[in-house]
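This is what each chain is made of:
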Amino acid sequence: MEAQLIELTITENESFEMLNKGELDTYISIDGYGNPEEAVPFYKLGSSDYYFAVTNKRPDVFEELENALNRINSENRYFNQHLYEKYMSSTGGNLFFSPTENDWLASRSAVRVGYVDNYLPFCDKDDASDKLNGALNDFLEYSSGVIQNAELKFEPLPFANLQEALDALRACSVFPL
């Protein structure tokens, strides 16, 4: 079996509609839990945030994916740990910014972080206090103190939907490079 990876720029609902129509066999997302009546949410790479959703119409793909992930883990039982250390660990050199990174940070008053508003438990702006709530707030508070040789300040920017945030990013109107 050969897989073809297609990068999608559509909404999660549209992606699951493509699964339903048989236009996709699987769907990979960082936040795609899906509808269990239409697709089976599946993840196995440790504490990875990525989810594989497999249409119920393709149990063969589900079985192949499960076999592949089991093989990865059986060939290297430390695979999850290695991924974590490579991409998530806050030890050693990851605790310090390079001179180039510090120069970039110094050229800004804050690092702007776009998010989809009203998307709890992940992120939401409290209208009364004008403060950020949810997991994104916790992450930004934690992240602001992680780097040893820099002071990180964040400016959260709410967007009505993901497409609006992506359009602003592409236009560099809100996030100048």
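The following refers to the structure shown. (Residues numbered from 1 in each chain as written. Predicted model: local features only at pLDDT ≥ 70, side-chain atom pairs only at ≥ 80, totals over all residues. Heavy atoms only, no water.)

**Brief notes about the side chain of D117**
Along the chain, D117 falls in the loop between β4 (111-116) and β5 (124-126). Buried D117, no salt bridge; nearest opposite-charge side chain is K125, N-O distance 5.8 Å. Once you skip the residues sitting within four places of it in the chain, D117 turns out to touch C123, D124, K125, P158 and F159. (Helix = DSSP H or I, 4+ residues; strand = E, 2+ residues; numbered from the N terminus. Buried < 20%, exposed > 50% of the residue type's maximum accessible area, 1.4 Å probe, protein only. Lys, Arg positive; Asp, Glu negative; His and termini not counted. Salt bridge = Lys/Arg side-chain N within 4 Å of Asp/Glu carboxyl O. Contact = heavy atoms within 4.5 Å.)

**Concerning the pattern of salt bridges**
Counted under the stated rule, the structure contains 5 salt bridges. The residue R71 makes a salt bridge to E75 at a minimum N-O spacing of 2.6 Å. Taken together, the positions of R71 and E75, both in helix α2 (residues 59-75) and 4 residues apart, correspond to about one turn of that helix. For R71, a relative accessible area of 56% corresponds to the exposed category.

**Topic: the pairing of β4**
Covered by surrounding structure in β4 are V111, V113 and Y115 only, the residues R112, G114 and V116 on the alternate face being uncovered. Relative to strand β7 (residues 154-159), β4 runs parallel, the two being bridged by 6 bridges. If you follow G114 over to β7, its bridge partner there is L157. (Pairing = 2+ DSSP bridges.)

**Quick notes on the environment of A160**
Within the secondary structure layout, A160 lies in the loop between β7 and α6 (162-171). For the pair A160 and D117, spaced 43 residues apart in sequence, the C-alpha to C-alpha distance is 5.8 Å.

**Thoughts on the nonpolar core**
Among the nonpolar cores identified, the biggest contains 12 residues, and these are L105, V111, V113, Y115, C123, L132, L136, L140, V146, I147, A150 and L152. Of all the elements in the fold, those that place two or more residues in this core are β4 and α5 (135-143). Ranked by residues supplied to this core, first place goes to β4 with 3 residues. Beyond its immediate chain neighbours, meaning those up to four positions away, L152 contacts F97, L105, S143, S144 and I147. (Core = buried A, V, L, I, M, F, W, Y, C linked by side-chain atoms within 4.5 Å.)

**Quick word on unusual backbone geometry**
The omega torsion across L120 and P121 is 15 degrees, close enough to zero to call that bond cis. On the secondary structure map, P121 appears in the loop between β4 and β5. Look at N118: it is not a glycine, yet its phi comes out positive at around 60 degrees. Unlike most non-glycine residues, D130 shows phi in positive territory, near 60 degrees. Position of D130 among the secondary structure elements: in the loop between β5 and β6 (131-133).

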